[in-house]
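# Observations on the three-dimensional arrangement
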Amino acid sequence: WIMQGMKIAADKINNENNGYKVEVYYADSEGKTTKAISAYNNLKMTSKPQFYMTTVSPIAIALKPLMQKDSVLSIVQSAHKDVIGNDCPLIFRYCLTIKQEATCINSSMETTHKIDTDSRIALLYVNNEIGNEFKEEFLKTTNYSNVHSISYESSDMDLKNIVISTLNFKPDYIVISGYTKNYGLLVKRLREAGFTSKIFANQGFSTESVREAAGKAGNNVFYDDYYLPYNTKTEELAKLLSSEYNVQICPMHITSYNMVYMIVNSCNQIGVISPQSVVKYWRTTNIFNVNGSELSIQGTSQDIAIPIQLKENIYEF
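Residues numbered from 1 in each chain as written. Predicted model: local features only at pLDDT ≥ 70, side-chain atom pairs only at ≥ 80, totals over all residues. Heavy atoms only, no water.

For the protein chain, the helix and strand inventory stands at 11 helices and 11 strands. Against the compact-globule benchmark of 20 Å for 317 residues, the protein chain has a radius of gyration of 21 Å, which places it among compact chains. Counting only C-alpha atoms, the protein chain reaches 60 × 40 × 35 Å along its principal axes. Classification of the 317 residues of the protein chain by burial places 48% in the buried group. Expressed as a percentage of contacts within the protein chain between residues at least 6 apart in sequence, the contacts between residues at least 24 apart total 64%. On the protein chain, roughly 15300 Å² of surface is accessible, and the fraction owed to carbon and sulfur atoms is 48%. In the protein chain, 30 side chains carry a positive charge and 32 a negative one; their mean positions are 2 Å apart. (Helix = DSSP H or I, 4+ residues; strand = E, 2+ residues; numbered from the N terminus. Rg over C-alpha atoms; globule rule 2.2 N^0.38 Å. Buried < 20%, exposed > 50% of the residue type's maximum accessible area, 1.4 Å probe, protein only. Contact = heavy atoms within 4.5 Å. Areas by Shrake-Rupley, 256 points an atom, 1.4 Å probe, with all protein chains shown as cover. Lys, Arg positive; Asp, Glu negative; His and termini not counted. Charge placed at Lys NZ, Arg CZ, Asp CG, Glu CD.)

So this is what it looks like as structure tokens:
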């Protein structure tokens with residue numbers, strides 16, 4: 001998704017023929033840190049990029065000290081808090097943060113869905129760094145007094161014990177955080193075991209494979225996701241993605257596309273290709289508008305803010 005959005009943005013910028021040109025180099029880490037480090041070192045030797053975009057938290061964390069040492073600008077599309085840090089002023093996070101997700105779900109449960117704060121809430125979270133952070137943020141921001149937390153393993157495809165433990169608690173509603181295929185399967189197993197009430201989910205439920213695993217059991221699931229404008233510019237992007245890659249547009253296409261434009265426009269404005277100069281320009285400008293999306297960096301934050309919304313999943317028969 002990121003590569004596709006970047007390449008289409010690069011082609012469009014280069015065809016416009018005004019200002020700096022863009023060359024996109026791409027390497028697939030396959031989610032493995034050793035392959036990511038090798039790919040980074042290879043790119044550095046052969047192409048010498050000054051701007052990077054990365055995804056998947058373990059990859060971003062593994063590359064962080066290398067990018068810090070090389071003084072390159074990195075845009076990370078990963079929610080984990082450790083992908084950025086005050087000691088890495090050239091690394092920015094451009095995605096929904098886990099704190100945003102937890103706050104959005106809590107707020108929507110209370111205000112939009114009118115769920116009483118004395119309701120019994122089962123909180124299911126995948127047993128890894130991201131899942132644990134979600135649990136911490138949810139409990140920190142919630143006004144619900146009766147929350148029962150249960151962790152599950154990303155490799156567990158049976159999930160029988162998790163479902164039994166959850167339903168023994170007799171929850172009124174369930175909140176689930178995850179990113180892997182068994183996330184959708186967990187929703188399916190809960191429905192098969194008789195749970196019919198609303199389920200609230202994090203952005204991982206937007207992944208097609210997760211929704212497919214849930215199937216029609218995914219009805220009455222509400223998940224947080226990017227709130228991005230769909231206008232004539234994004235319609236044009238959607239057509240290009242369909243013709244070039246035979247894929248449907250998703251938020252990560254838009255965010256990666258926007259970031260390429262933001263970086264190139266910044267270089268054109270300051271007249272140099274320099275990570276330090278670009279970040280200095282961002283700090284003084286604060287708010288940018290790219291194709292109808294407002295990109296903002298507040299104060300000393302290393303987050304490029306993205307609006308968030310809670311969406312209802314509708315199973316398509």
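Continuing now.
The final tally for this structure, using the stated rule, is eight aromatic pairs. For the ring pair Phe 134 and Phe 138, a centre distance of 6.1 Å and an interplane angle of 25° mean the geometry is stacked. Of the two residues, Phe 134 and Phe 138 are both situated in helix α5 (residues 129–141); the distance of four residues between them amounts to about one turn of the helix. Relative accessible area serves as the criterion here: at 0%, Phe 138 is assigned to the buried category. (Phe/Tyr/Trp six-rings, centres within 6.5 Å; stacked < 30°, edge-to-face > 60°.)

Below, the discussion takes up the sheet that holds strand β1 (residues 51–55). As summarised here, the arrangement of the three strands in space is β1-β2-β3, forming an open sheet in which the pairing is parallel. Strands with a single pairing partner mark the edges of an open sheet, and in this sheet they are β1 and β3 (91–93). Neighbouring strand axes in the sheet, compared pairwise and without regard to direction, differ in orientation by 20° on average. Where strand β2 (residues 73–77) meets β3, three bridges bridge the pair, whose relative direction is parallel. Directly across from Ile 75, in β3, lies its bridge partner Phe 92. Those strands touched by helix α3 (residues 57–70) are β1, β2 and β3, and its axis lies near 150° from that of β1. (Pairing = 2+ DSSP bridges. Axes fitted to C-alpha atoms, helices over the stretch in contact; angles between N-to-C directions.)

Under the criterion given, the structure shown has seven salt bridges. Its salt-bridge partner being Lys 35, residue Glu 30 comes within 2.9 Å of it at the nearest N-O pair. Exposure remark for Glu 30: the relative accessible area of 47% places this residue in the partly exposed category. Overall, the relative accessible area of 36% leaves Lys 35 in the partly exposed class. (Salt bridge = Lys/Arg side-chain N within 4 Å of Asp/Glu carboxyl O.)

Non-glycine residue Lys 114 carries a positive phi angle of around 55°. Turning to its location among the elements, Lys 114 is positioned in the loop between α4 (98–111) and β4 (120–126). Of note, Asn 220 is a non-glycine position whose phi angle comes to about 70°, a positive value. Structurally, Asn 220 is set in the loop between α8 (208–214) and β8 (221–226). Asn 220 gets classed as partly exposed once you look at its relative accessible area, which sits at 26%.

Function-wise, these values are silent; they only describe arrangement.
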